[in-house]
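# Fold and contact review
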Amino acid sequence: MPIHFIPNDPLVQNDFPMRVVKPRADRGAGKAKLSVQGAVAEGEYPVGTPEFLYWQCREAALASIAAWEEISGNFSRWQVGDTLKVLPDRGEDLNAYYDRLGLNFFRQKIASKTYFSGASTDVVAHEAGHAFLDAIRPDLWDSSRFEVNAFHEAFGDCVAIITALQDKESRVAILSKISSSNSVEALAEEISEAISKAVPGINAAAPRRARNDFEWGPQGSLPTDGGPGKLIFEEHSFGQIFSGCFYDTIVNIFSGMASQTEGNLLAATQIAGKLLVKGIQSAPQRMEFFREVGRFMILADGQDNGGANRAAVSDAFQRHNLALGSSITLAPSAAFAATAATSGATKKKGIQNATDADMTTTAKRELRGLIGAVSNKLSISKIKLAGREMQEAIHQRIVSLDACHKKLEGVVASAAQVALVGRSHNALCVMGHVSNPINTDKDVINYVDSLVKHGRISFESSKTAGRSMVASLKDLPSGITHQVRDVRGQKTLLRVRFACS
Ligand SMILES: [Zn+2]
């Protein structure tokens, strides 16, 4: 039997009206699956009923996965297993979150209207986006780098945009407005309306937008708070810089096509989406992560498309004050003196691969000195980037949070310092920039300051030790994203969920 489905956001049904559709099939063997709570028989239920919400939320989640598979291939496993829970209505709140256990949505009555975050395909796709990214880059979950976390939020918005543009009727509806303000680049309109009524004047009281003029700036150059829709130093808001780069990449690729048809808009979306996937699969966790992902999108385009979209990507990032200069990201920047003359009689020119054998004890010691590592722990693995084999060395820097808040005295957070190692002219070299200790400390402290400012931290140390995710999450207010936990006797600030109001 058919069901009712709102393909975008409930508030923009003038552009994208509710439809009657045949529900998508359950996902089969070899595919990542959903367990949607509250199953009811198929039917055309009225908006606002639990029955409608079940089918709406399920259809939106499955549409997101279908869009994701178009750009990333078969999706077979979530970060924590082959099935992810979806909870369309967890109770009263103005929120939605992903916590590795599931996608969680809420309802809130304001005046005479009840708002359901799980009824918005935008919101469902955004939360699913966190889960997709977590499946391919689980290392980003516990990152204490500001721009990595802002990227996670941006990625959710990018997935919502890709999901919207995967839908043919939506592409037709939006075709003439793709380069200007429209209901695809604007996200989660209805929940933003609810927030504007419940807490007028706050930053989240306006929809996030991907067709924006926001310009990237270094940490310290933006205020930590501001009115509805202003660009501030907060991960959801700042993430609009990256979603802006991504949306503009779609527009630029589409504008360069022979004809501006809905079919070509789909093709442009998928080209940009595939570059985004390749970019994030490769980008090391270094400072200025937006730029890092952009550079690897350019390198992926060079490998996969002969560089056909180089200008489209670089112009999009430049529009948001992110000059890419992709070649510099893998260029040799510092040679190890200890390795300069040890490669035997055969002197080689130019850049070569670095091998496991190159990472001698002496080389590791020198590398630790270069990145300012304070412990001997250096995780080294082979990595292939832009067709070149190199070594990726990761040091987890432990940063004291004493200065952030009196309740964080004695608490630490960790941040990855990443160095890529290759060879040039027979010397072992760091390739591209390294995450130096001073900037890493500053990055973490600025990020935690922003979490404190926006009330995202539960300061009470969890009774559940370590990194177990099955910790008393249901007892935490849903706006909380981080909690102090005991990790082998050290109080450590850890992420518990991505919350999105
Ligand atoms: Zn989010």
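### Some points on unusual backbone geometry
At Ala188, a residue that is not glycine, the phi angle is positive and equals roughly 55°. If you trace the backbone, Ala188 turns up in the loop between strand 9 (186-187) and helix 5 (189-198). In the Ramachandran plot, Ala386 falls in the positive-phi region, its phi being about 50° despite a non-glycine side chain. Ala386 sits in the partly exposed class, given a relative accessible area of 30%.

### Brief notes about the nonpolar core
Counting 122 residues, the largest nonpolar core has Phe151 and Phe242 as its most contacted members. Within the second largest apolar cluster, 13 residues are counted, among which are Ala373, Ala419, Leu428 and Val430.

### Side note on the environment of Ala337
Within the secondary structure, Ala337 is located in the loop between strand 11 (332-335) and strand 12 (351-352). Once the C-alpha coordinates of Ala337 and Leu428 are considered, the two residues, 91 residues apart in sequence, prove to be 8.3 Å apart.

### Comments concerning the pairing of strand 8 (residues 113-116)
Inspection of the sheet shows strand 7 (residues 107-110) paired to strand 8 by 4 bridges, in the antiparallel sense. By the bridge assignment, Gln108 is partnered in strand 8 with Tyr115. What sits between strand 7 and strand 8 in their antiparallel hairpin is a turn of 2 residues, with Ala111 showing a positive phi close to 55°.

### So, the packing of aromatic side chains
Under the definition given, this model contains 19 aromatic pairs. Centre to centre, the rings of Tyr54 and Trp55 are 4.9 Å apart; their planes meet at 90°, and the pair counts as edge-to-face. Its relative accessible area of 8% is what places Tyr54 among the buried residues. Owing to a relative accessible area of 7%, Trp55 belongs among the buried residues under this scheme. Between Trp68 and Phe132, the aromatic rings sit 5.1 Å apart at their centres with planes inclined by 0°, giving stacked as the arrangement. Taken together, the positions of Trp68 in helix 1 (residues 50-72) and Phe132 in helix 2 (residues 121-136) put the pair 64 residues apart, joining distant regions of the chain. Taken individually, Trp68 and Phe132 each receive the classification buried, so the pair is uniform in this respect. One cation-aromatic arrangement involves Arg291 over Trp216; the distance from NZ or CZ to the ring centre is 5.4 Å. In this structure, Arg495 is placed above the aromatic ring of Phe498, and the distance from its NZ or CZ to the ring centre is 3.6 Å.

### A look at the domain arrangement of the chain
Here the domain parsing of the chain yields domain 1 (3-323), domain 2 (329-454) and domain 3 (457-501). A straight line from the C-alpha centre of domain 1 to that of domain 3 covers 25 Å. Of the residues lining the interface, 24 residues belong to domain 1; the matching set on domain 3 comes to 14 residues. Surface buried jointly by domain 1 and domain 3 totals about 1,500 Å² across both partners, of which 54% is contributed by carbon and sulfur atoms. In this structure, Arg495 engages Glu235 in a salt bridge whose closest nitrogen and oxygen atoms are separated by 3.4 Å. Linking domain 1 to domain 3 there are 8 residue pairs in polar contact (both at pLDDT 80 or more). Elements supplying a minimum of two residues to the side of domain 1 that touches domain 3: strand 5 (96-98), helix 2, helix 3 (146-165) and helix 6 (235-255). Tallied by class, residues from the side of domain 1 that touches domain 3 come to 9 nonpolar, 6 polar and 9 charged.

### Observations regarding the coordination of the zinc ion
The protein atoms that coordinate the zinc ion are His126 (NE2), His130 (NE2), Glu153 (OE) and Cys500 (SG), at distances of 2.0 to 2.1 Å. Around the zinc ion sit 4 donor atoms, and with donor-metal-donor angles ranging over 96 to 131° the site reads as tetrahedral. Within one chain, the residues donating to the zinc ion are spaced in sequence as H-x3-H-x22-E-x346-C. Residue His126 and its partner His130 are both found in helix 2; the two are separated by 4 residues, about one turn of the helix.

### Side note on the packing of helix 6 against helix 8 (residues 289-305)
Between helix 6 and helix 8, the shortest axis-to-axis distance is 10 Å and the interhelical angle comes to 20°. Regarding the angle of helix 6 to helix 8, the classification is roughly parallel. Our pair here, helix 6 against helix 8, has a crossing hand that is right-handed. Residues Phe238, Gly239, Ile241 and Phe242 of helix 6 lie in contact with helix 8, whose contacting residues are Phe290, Val293 and Met297. Broken down by class, the residue content of the contact of helix 6 with helix 8 amounts to 6 nonpolar, 1 polar and no charged.

### What to know about the pairing of strand 6 (residues 102-105)
Residues of strand 6 alternate between two faces, with Gly102 and Asn104 on one and Leu103 and Phe105 on the opposite face, all of them buried. Pairing analysis gives 3 bridges linking strand 4 (residues 83-87) to strand 6, with the strands arranged parallel. Across the sheet, the residue bridging to Lys85 is Gly102, located in strand 6. Bridge count for strand 5 against strand 6 is 3 bridges, and the pairing is antiparallel. In the strand pairing of strand 6, Ala96 is matched with Phe105. Taking the residues between adjacent antiparallel strands as the criterion, strand 5 and strand 6 are bridged by 3 residues, where Arg100 takes a positive phi near 75°.

### Points about the pattern of salt bridges
Counted according to the given criterion, the structure contains 25 salt bridges. Note that Asp26 is salt-bridged to Arg58, the shortest N-O span being 2.8 Å. Placement of Asp26 in the loop between strand 2 (19-21) and strand 3 (33-36) and of Arg58 in helix 1 is noted, with a sequence separation of 32 residues between them. Note that Arg291 and Glu288 form a salt bridge whose closest N and O atoms lie 3.1 Å from each other. Among the charged side chains, a network of salt bridges with common partners joins Lys113, Glu190, Glu193 and Lys197.

Rules behind the numbers
- Residues numbered from 1 in each chain as written.
- Predicted model: local features only at pLDDT ≥ 70, side-chain atom pairs only at ≥ 80, totals over all residues.
- Heavy atoms only, no water.
- Helix = DSSP H or I, 4+ residues; strand = E, 2+ residues; numbered from the N terminus.
- Buried < 20%, exposed > 50% of the residue type's maximum accessible area, 1.4 Å probe, protein only.
- Core = buried A, V, L, I, M, F, W, Y, C linked by side-chain atoms within 4.5 Å.
- Pairing = 2+ DSSP bridges.
- Phe/Tyr/Trp six-rings, centres within 6.5 Å; stacked < 30°, edge-to-face > 60°.
- Lys NZ or Arg CZ within 6 Å of the ring centre and 35° of its normal.
- Domains from an automatic or database assignment.
- Contact = heavy atoms within 4.5 Å.
- Buried area = accessible area lost by both parts, 1.4 Å probe.
- Salt bridge = Lys/Arg side-chain N within 4 Å of Asp/Glu carboxyl O.
- Polar contact = N/O pair within 3.5 Å; in protein donor to acceptor, adjacent residues only side chain to side chain.
- Nonpolar A, V, L, I, M, F, W, Y, C, P; charged D, E, K, R; others polar.
- Donors = N, O, S within 2.8 Å, 3.2 Å for Na, K, Ca; no water.
- Tetrahedral: all angles 85-135°; square planar, octahedral: opposite > 155°, others 65-115°.
- Axes fitted to C-alpha atoms, helices over the stretch in contact; angles between N-to-C directions.
- Parallel < 35°, antiparallel > 145°, perpendicular 65-115°, else oblique.
- Left-handed = near helix turned anticlockwise from the far one by under 90°.

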